[in-house]
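Chain by chain, the residues run as shown.
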Amino acid sequence: MALEGLAMKLEGYDAVLSECLNRKDVREGKRVHAHMIKTHSPPIYLRNRMLVFYCKCDCLRDAREMFDEMPDRDVVSWTAMISGYSQKGFSSKALDIFLQMLRSGAQANEFTFATILTSCVGNYGLDYGRQVHSLIIRSSYDSHMYVGSSLLDMYAKAGSIHEARAVFEGLPPGRDIVACTAIISGYAQSGLDEEAIELFRKLQNEGMSSNYVTYASVLTSLSGLAAVNQGKQVHSHVLRLQLPAYVVLQNSMIDMYAKCGNLSYARRIFDHMTERSVISWNAMLVGYGKHGKGEEVVELFKLMRKEKRVKPDRVTFLAVLSGCSHGGGGMEDIGLGFFDEMLTRKDGIGAELEPDIEHYGCVVDLLGRAGRFEQALRLIKDMPFEPNAALWGSLLGACRVHSNLHIGEFVGRRLLEMEPENAGNYVILSNLYASSGRWEEARKLRGIMMEKAVRKEPGRSWMELDQTLHTFHASDHTHPKKEEVHAKVKEMVVKFREEAGYEPDLSCVLHDVDNEQKEKILLGHSEKLAIAFGLISTRPGIPLRVIKNLRICVDCHNFAKFVSKLYTREVTIRDKNRFHHIVGGICSCGDY
């Protein structure tokens, strides 16, 4: 280039710039830029090439300087600058450039719209996205596949899944895999797992060819439903297709098997990974923790540190602290040791891993489970954060288990101020009063709850049988086998009373009704109905696996223990917090 001097042709700059971009050679790229300016008056396409070069080499300041100095700009110039900001997370700057573009009279194309939609994020992202959507309609790009995929992705990530679905349904026939995957992923991210699976099957029947991102999204939904048999089917399909070993897909498989209660499958996939990201380690650590396997959590974390290939992040330490908390067996001191490492930045831990409110919450939970309440309160007092409801809630739960009314009353009152609509706090505090014989306070608290019309989130439990999910709600009368299920529950109660002295724990009922009615309400709890259905529908000795959307109540937990002991069944219940593995009447949670 230097030798050719003025004889350097414009096509030559294009080729040299391409080579600089391939090498990410910023210094040489700037020399090309300087030579081009000195020897020629570059046409707009070459200036755009320089703009793209700077953006792709993370030189946004140089890119913006060049953009501002351009005598003329076309749609490529505007789109390149918007894309540069958008890809680096500078959403507000990308939106500012887009507004400048509109005011200049330049016309956006499909690439401009698809790019700016990725910057419609944050508090006002949905509002901006809807305004862009109206521009897209006016510009007749609403049926364009590339724009449509970006549009529905924007709505899905903003939580407006119905608007995303409307965009999807408005796309022309022959929707590509990007659009199909975006809408399935949107349902999965919104927690609408059954809808995601239903749509996946529908699109498969219409001839959709799935890729690894599609399968990862489907596995996410199957993990939410704990539909292990369907998860195995997807896994087998992936193996038959001989898809490359994408880390994101393997991570989804680990997460799915762990959340479905099959830790051995999860660990097998983890051990056979040729490359692991921090998400791989975190998924396995969280899996062990949710199953109460604290020792396995610690051993795996030690292995992660020993290998030194992947650095732990905040989620890693959350998983380890939570694992020590759920592990029981005196693991609180091990957990406190890891927390101390974060505080003192030992073993190469940097400032980026300074504990946040969630880490403190895990330690409070850990101390509460061990009955070390004074230490937990000191930690709350000394921490550099205002305690949130989740933190106080874990301590209140510990007070219930250890019957510590003194601290429980203080914590409960704080929670009622912070979350006056959370029914669970009223129930736990009321039960604390009742267990201490303070019936008047318990009655007053339940009265306040009724006055404020505080309502619990409806309980829902489900079980997978022959690749079909059978869902039960409290006092359910919609299931095809409802008569048999309710009759089975009554039969079980008689058996438990006669053979094991079972008496329903009426303190679990919120309603101010007589004891007979309370017992009827208890026997209609969704997890009891699901367990009864499992006994009816499976052969003797077959393990029962139930999923609950809320935390299991004390009475249903006791009920499941009796099922395990008197029917000789292994019972596994995954509730909102963890797994309960019950064998021979003994639960892995230690009745916590």
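Below is a summary of the structure that appears in this document.

**Comments concerning the overall build of the chain**
Reasoning step 1: Helix and strand content of the chain: 30 helices and six strands.
Reasoning step 2: Considered along the principal axes of its C-alpha atoms, the chain spans approximately 100 × 55 × 50 Å.
Reasoning step 3: Sequence-distant contacts in the chain: of pairs separated by 6 or more residues, those separated by 24 or more amount to 62%.
Reasoning step 4: Accessible surface, the chain: about 29,000 Å² in total, of which carbon and sulfur atoms supply 50%.

**Describing the packing of helix α3 (residues 44-56) against helix α5 (residues 75-87)**
Reasoning step 1: Relative orientation of the contacting elements α3 and α5 amounts to 5 degrees, with a least axis distance of 10 Å. The angle between α3 and α5 falls in the class roughly parallel. Counted together, Ile-44, Asn-48, Leu-51, Val-52 and Cys-55 of α3 and Val-76, Ser-77, Ala-80, Met-81 and Gly-84 of α5 form the full contact between these two elements.
Reasoning step 2: Taken together, the residues of the contact of α3 with α5 break down into seven nonpolar, three polar and no charged.

**Comments concerning the pattern of salt bridges**
Reasoning step 1: Summed over the entire model, instances satisfying the criterion amount to 29 salt bridges.
Reasoning step 2: Between Arg-165 and Glu-169 there is a salt bridge whose closest N-O contact spans 2.7 Å. In this pair, Arg-165 and Glu-169 are both assigned in helix α10 (residues 161-169), four residues apart and thus about one turn of the helix distant.
Reasoning step 3: Given a relative accessible area of 22%, Arg-165 falls into the partly exposed group.

**Description of helix α17 (residues 278-290)**
Along an α-helix, residues three or four apart share an orientation, since each turn contains 3.6 residues.
Reasoning step 1: Look at α17: 18 Å from first C-alpha to last across 13 residues, which is about the 18 Å you get at 1.5 Å a residue.
Reasoning step 2: Most of α17 is tucked away, with 10 of its 13 residues classed as buried.
Reasoning step 3: Considered for burial, the residues of α17 that qualify are Val-278, Ser-280, Trp-281, Asn-282, Ala-283, Met-284, Leu-285, Gly-287, Tyr-288 and Gly-289.
Reasoning step 4: Of the residues one or two after α17, Gly-292 is the one with positive phi, at around 75 degrees.

**A look at the sheet that holds strand β6 (residues 586-587)**
Reasoning step 1: Spatial strand order, β2-β1-β3-β4-β5-β6: six strands in an open sheet with mixed pairing. For this open sheet the edge positions go to β2 (468-473) and β6, each flanked by a neighbour on one side alone.
Reasoning step 2: Sheet topology places strand β3 (residues 544-548) next to strand β4 (residues 571-574); four bridges connect them, and they run parallel. Bridge pairing in β4 links Ile-547 to Arg-574.
Reasoning step 3: Contacts from helix α30 (residues 554-566) reach β3, β4, β5 (579-583) and β6 within the one sheet, and its direction differs from that of β5 by about 35 degrees.

**A look at the side chain of His-525**
Reasoning step 1: Positionally, His-525 belongs in the loop between α28 (515-523) and α29 (526-537).
Reasoning step 2: In this structure His-525 comes out as buried when scored by relative accessible area, which is 14%.
Reasoning step 3: In contact with His-525, other than residues within four places in its own chain, are Cys-553 and Cys-556.

**Observations concerning the nonpolar core**
Reasoning step 1: Ranked by internal contacts, the top residues of the largest apolar core, which has 146 residues, are Met-81, Phe-113, Leu-152 and Ile-183.
Reasoning step 2: Those residues in contact with Phe-113, other than ones at most four positions away along the chain, are Phe-98, Ala-108, Val-132, Leu-135, Ile-136, Ser-139, Tyr-141 and Val-147.

**Some details on the state of the cysteines**
Joining two cysteines, a disulfide is a covalent bond between their sulfur atoms.
Reasoning step 1: Counted under the stated rule, the structure contains zero disulfides.
Reasoning step 2: A disulfide-free cysteine, Cys-55 has its sulfur positioned 9.2 Å from the sulfur of Cys-59, the nearest such atom.
Reasoning step 3: Of all cysteine sulfurs in the structure, the one in Cys-553 sits closest to Cys-556, which takes part in no disulfide; the separation is 3.6 Å.
Reasoning step 4: By relative accessible area, Cys-556 is classed as buried at 1%.

**Considerations on helix α4 (residues 60-69)**
Reasoning step 1: Looking only at α4, the buried set comprises Leu-60, Ala-63, Met-66 and Phe-67. Each buried residue of α4 sits inside an arc of 125 degrees when the element is viewed along its axis, so together they form one side. Seen from the open side of α4, the exposed residues pointing more than 90 degrees away from its buried face are Arg-61 and Glu-69.
Reasoning step 2: Where α4 is buried, its residues meet α2 (26-39), α3, α5 and α6 (91-104).

**Some points on the pairing of β4**
Reasoning step 1: With burial as the criterion, each face of β4 is covered, one bearing Val-571 and Ile-573 and the other bearing Thr-572 and Arg-574.
Reasoning step 2: Regarding topology, α30 serves as the crossover connection from β3 to the parallel β4, and that connection is right-handed.
Reasoning step 3: By the bridge criterion, four bridges tie β4 to β5 in an arrangement that is antiparallel. When the sheet's bridge partners are listed, Val-571 is paired in β5 with Ile-582.
Reasoning step 4: The hairpin turn running from β4 into β5, its antiparallel successor, is four residues long.

**Describing the pairing of β5**
Reasoning step 1: Of all five residues in β5, four are buried, a share of seventy percent or more.
Reasoning step 2: Between β5 and the antiparallel strand that follows it, β6, lie two residues; Gly-584 among them carries a positive phi value of about 60 degrees.

**Side note on the environment of Tyr-592**
Reasoning step 1: Looking at the element boundaries, Tyr-592 is found in the segment after β6.
Reasoning step 2: Counting along the chain gives 192 residues from Tyr-592 to Arg-400, while the straight-line C-alpha distance between them is 9.5 Å.

**Focus: the packing of aromatic side chains**
Reasoning step 1: All chains considered together, the criterion is met by 22 aromatic pairs.
Reasoning step 2: An angle of 75 degrees between the planes, with centres 5.2 Å apart, marks the rings of Phe-67 and Trp-78 as edge-to-face. Residue Phe-67 is found in helix α4, and its partner Trp-78 is found in helix α5; the two are separated by 11 residues along the sequence. Assigned by exposure class, Phe-67 and Trp-78 land together as buried.
Reasoning step 3: Ring geometry for Tyr-257 versus Tyr-265: centroids 5.0 Å apart, planes at 45 degrees, classification tilted.

Reading the values: the criteria
- Residues numbered from 1 in each chain as written.
- Predicted model: local features only at pLDDT ≥ 70, side-chain atom pairs only at ≥ 80, totals over all residues.
- Heavy atoms only, no water.
- Helix = DSSP H or I, 4+ residues; strand = E, 2+ residues; numbered from the N terminus.
- Contact = heavy atoms within 4.5 Å.
- Areas by Shrake-Rupley, 256 points an atom, 1.4 Å probe, with all protein chains shown as cover.
- Axes fitted to C-alpha atoms, helices over the stretch in contact; angles between N-to-C directions.
- Parallel < 35°, antiparallel > 145°, perpendicular 65-115°, else oblique.
- Nonpolar A, V, L, I, M, F, W, Y, C, P; charged D, E, K, R; others polar.
- Salt bridge = Lys/Arg side-chain N within 4 Å of Asp/Glu carboxyl O.
- Buried < 20%, exposed > 50% of the residue type's maximum accessible area, 1.4 Å probe, protein only.
- Expected span 1.5 Å × (residues − 1).
- Pairing = 2+ DSSP bridges.
- Core = buried A, V, L, I, M, F, W, Y, C linked by side-chain atoms within 4.5 Å.
- Disulfide = S-S within 2.5 Å.
- Arc of directions from axis to C-beta.
- Right-handed = clockwise from strand over helix to strand, strands pointing away.
- Phe/Tyr/Trp six-rings, centres within 6.5 Å; stacked < 30°, edge-to-face > 60°.

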